[in-house]
Amino acid sequence: MMELQKKRTWAEIRLGNLEHNVRNMQAQLPAGCRYLGVVKANAYGHGAVEVSRRLETLGVTNLAVACFDEAVRLRQAGVTADILILGPSPAFLARDIAELRHVAQAVGSLRLARALDAELTGTGLTLPVHIKLETGMGRTGFTNLADAARAMSLPGLDAQGVFTHFCVSDEYGNEFTAAQFDHFTRGVAMLEERSGKKFTIRHCTNSGAMVNYPQTYLDMVRPGIAQYGIYPAAEHGALELRPVMRLMTRVAELTGHAAGDTISYGRTYTCDGPRIFAVLPIGYADGLHRALSGKLEVTIRGRKAPQRGRICMDMCMVDVTDIPDVEIGDEVEIFGDAQSIDVLAQAAGTISYELLTAVSPRVPRVYLD
């Protein structure tokens, strides 16, 4: 507790809530369906190593990252689960990826497949890969099944899995998701027939599909934002999730102002009478977007306090005139329990994913059960 009192701003990571969310989703899965923990982007800002370690204690044997460096960090930290690199990697990393052991690379083009295979020639190494099929996301993935079959035939690649990515699965009843799923399942069947090989893992279920489309679960699911207690849209389905991150700061200073006084850069806010402001040591360098200036409320002593004026790099000001007995050192919640991050995201004109991953490295993560 004494160490916590020394922190100006911090993010509480409730690993007990993480466990609750994972258990809740695991309970929805049919027998034999795996759960893949998505820990890319430093586990959506929560800390990839710490989150991965907790997932392993929950029996999660598969993890997903965005790039090679994220996979290396997990291996260096002693994480042993199978890892899937979701983004394309430069071919010259083929040997390095293969040497990490039990790390698979997503492959969505014949060009990349051939380049990876060429890098492995003569090394005696085989690179596990998951074939990515493009079904409507418009990002990466094979559109030509003949090319995908050629990639699967390359001697340096071991095509263990196949997947696709939904783009509107957060919308319940969207016909495009149904079309994507149909496109994917038919494509997999045709690819297996053409190549003569069976995939060990077929997966396409992201957070939206986890909530809205249980028919897509197949061999493995990979919910991202839902793992961290945030619903991807208004629908909750059968899931009961708890937010894992709680962004906190504290009152650093109290200032008094008279009518006509202005607050912060640009003088965008003018006091309409005597006001008391709390200066909070959190700003856009900590991940509190400047776009939220004048649009958010924080929670102090169980009550809401509106933020006024422009958010600065390292500080912002909130009006505590109507909250009695506020003191320097009082804890302040930016988002978490008293206020959902979704409220802030809507005010900023963005999504909760961006605000979570925006919490900067200088904000210490405090891990709680």
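Residues numbered from 1 in each chain as written. Predicted model: local features only at pLDDT ≥ 70, side-chain atom pairs only at ≥ 80, totals over all residues. Heavy atoms only, no water.

**A closer look at the sheet that holds strand S17 (residues 316-319)**
Counted only if it meets this: In this analysis, strands are considered paired if DSSP registers two or more bridges between them. Only DSSP runs of H or I with at least four residues qualify as helices, and only runs of E with at least two residues qualify as strands; both kinds are numbered from the N terminus onward. To define axes, lines are fitted to C-alpha atoms, for helices over the stretch in contact only, and angles between the resulting N-to-C directions are given on a 0 to 180 degree scale.
Taken in spatial order, the 9 strands make up an open sheet running S11-S14-S17-S16-S15-S18-S10-S1-S19, and their pairing is mixed. The sheet is open, and its two edges are formed by strand S11 (253-257) and strand S19 (365-368), each paired on a single side. In this sheet, adjacent strand axes meet at a mean angle of 35 degrees when their direction is disregarded. In terms of strand pairing, strand S1 (residues 9-14) meets S19 through 4 bridges, oriented parallel. Within the sheet, the bridge partner assigned to Ile13 lies in S19 and is Tyr367.

**Considering helix H5 (residues 68-76)**
As a reminder, the rule being used: Buried means the residue's accessible area, taken with a 1.4 Å probe over protein chains only, is under 20% of the maximum for its type, while exposed means over 50%, and partly exposed covers the values in between. In this context, the arc is that of the directions from the helix axis out to the C-beta atoms. Contacts are residue-level and defined by heavy atoms, with any inter-residue pair within 4.5 Å sufficient.
Among all positions of H5, only Phe68, Ala71, Val72, Leu74 and Arg75 are buried. Buried positions in H5, seen along its axis, are confined to an arc of 165 degrees and lie on one side of it. Residues of H5 that are exposed and point over 90 degrees away from its buried face: Asp69 and Gln76. The secondary structure elements touched by the buried residues of H5 are helix H4 (48-57), strand S3 (62-65), strand S4 (82-85), helix H6 (94-100) and strand S5 (103-107). Looking one or two residues past H5, Gly78 carries a phi angle of roughly 90 degrees, positive in sign.

**Remarks on the packing of aromatic side chains**
Spelled out, the test is: Two rings from Phe, Tyr or Trp (for Trp, the six-membered ring) form a pair when their centres are within 6.5 Å of each other. A pair whose planes differ by under 30 degrees is stacked, one over 60 is edge-to-face, and the rest are tilted.
Tallying each qualifying case throughout the model produces 3 aromatic pairs. Aromatic side chains Tyr44 and Tyr353 sit 6.3 Å apart centroid to centroid with 40 degrees between the ring planes, which places their arrangement in the tilted category. Here Tyr353 lies in helix H12 (residues 352-358) and Tyr44 lies in helix H3 (residues 40-44), a separation of 309 residues in the sequence. Take Tyr44: its relative accessible area is 8%, and that puts it in the buried class.

**Some details on the side chain of Thr9**
How we decide: Between N or O atoms, a polar contact is any pair within 3.5 Å; within protein, one atom must be a potential hydrogen donor and the other a potential acceptor, and residues adjacent in sequence are included only when both atoms are from side chains.
Tracing the chain through its elements places Thr9 in strand S1. Overall, the relative accessible area of 1% leaves Thr9 in the buried class. At 2.9 Å, the side chain of Thr9 and the side chain of Thr249 are in polar contact. Of note is the side chain of Thr9, whose polar atom sits 2.6 Å from the backbone oxygen of Pro281.

**Regarding the pairing of strand S8 (residues 201-205)**
Burial analysis of S8 places 4 of its 5 residues in the buried class, which makes it a mostly covered element. Examined bridge by bridge, S8 and strand S9 (residues 220-221) share 2 bridges and lie parallel to one another. Paired with Thr205 across the strands is Val221, a residue of S9.

**What to know about unusual backbone geometry**
The residue Tyr44 is not glycine, and still its phi comes out positive at about 55 degrees. Phi is positive for His102, which is not a glycine, with a value near 55 degrees. Residue His102 is classed as exposed on the basis of its relative accessible area, which comes to 57%.

**With respect to the side chain of Thr299**
Of note, Thr299 is situated in strand S15 (residues 297-300). Look at Thr299 and you get buried, because its relative accessible area is 11%. Of the polar contacts made by the side chain of Thr299, one reaches the side chain of Lys304; its length is 3.2 Å. Setting aside residues up to four positions removed in sequence, Thr299 forms contacts with Lys304, Glu331, Val332, Glu333 and Ala338.

**Quick look at the packing of helix H8 (residues 145-152) against helix H9 (residues 175-195)**
For clarity, the cut-off: With respect to orientation, any angle under 35 degrees is reported as roughly parallel, any angle over 145 as roughly antiparallel, any angle of 65 to 115 as roughly perpendicular, and every other angle as oblique. By definition, any crossing whose near helix is turned counterclockwise from its far helix by less than a right angle is left-handed, and any crossing with a clockwise turn is right-handed. All amino acids are sorted into three groups, where Ala, Val, Leu, Ile, Met, Phe, Trp, Tyr, Cys and Pro are nonpolar, Asp, Glu, Lys and Arg are charged, and the leftover types, Gly among them, are polar.
Contact pair H8 / H9: the axes reach a minimum separation of 9 Å and the direction vectors enclose 50 degrees. Between H8 and H9, the angle is such that the two are oblique. Viewed along their axes, H8 and H9 form a crossing whose handedness is right-handed. The segment H8 lies against H9, with Leu145, Ala146, Ala148, Ala149 and Met152 engaging Gly187, Met190, Leu191, Arg194 and Ser195. Along the lines of polarity and charge, the residues of the contact of H8 with H9 split into 7 nonpolar, 2 polar and 1 charged.

Geometry only, nothing functional implied.
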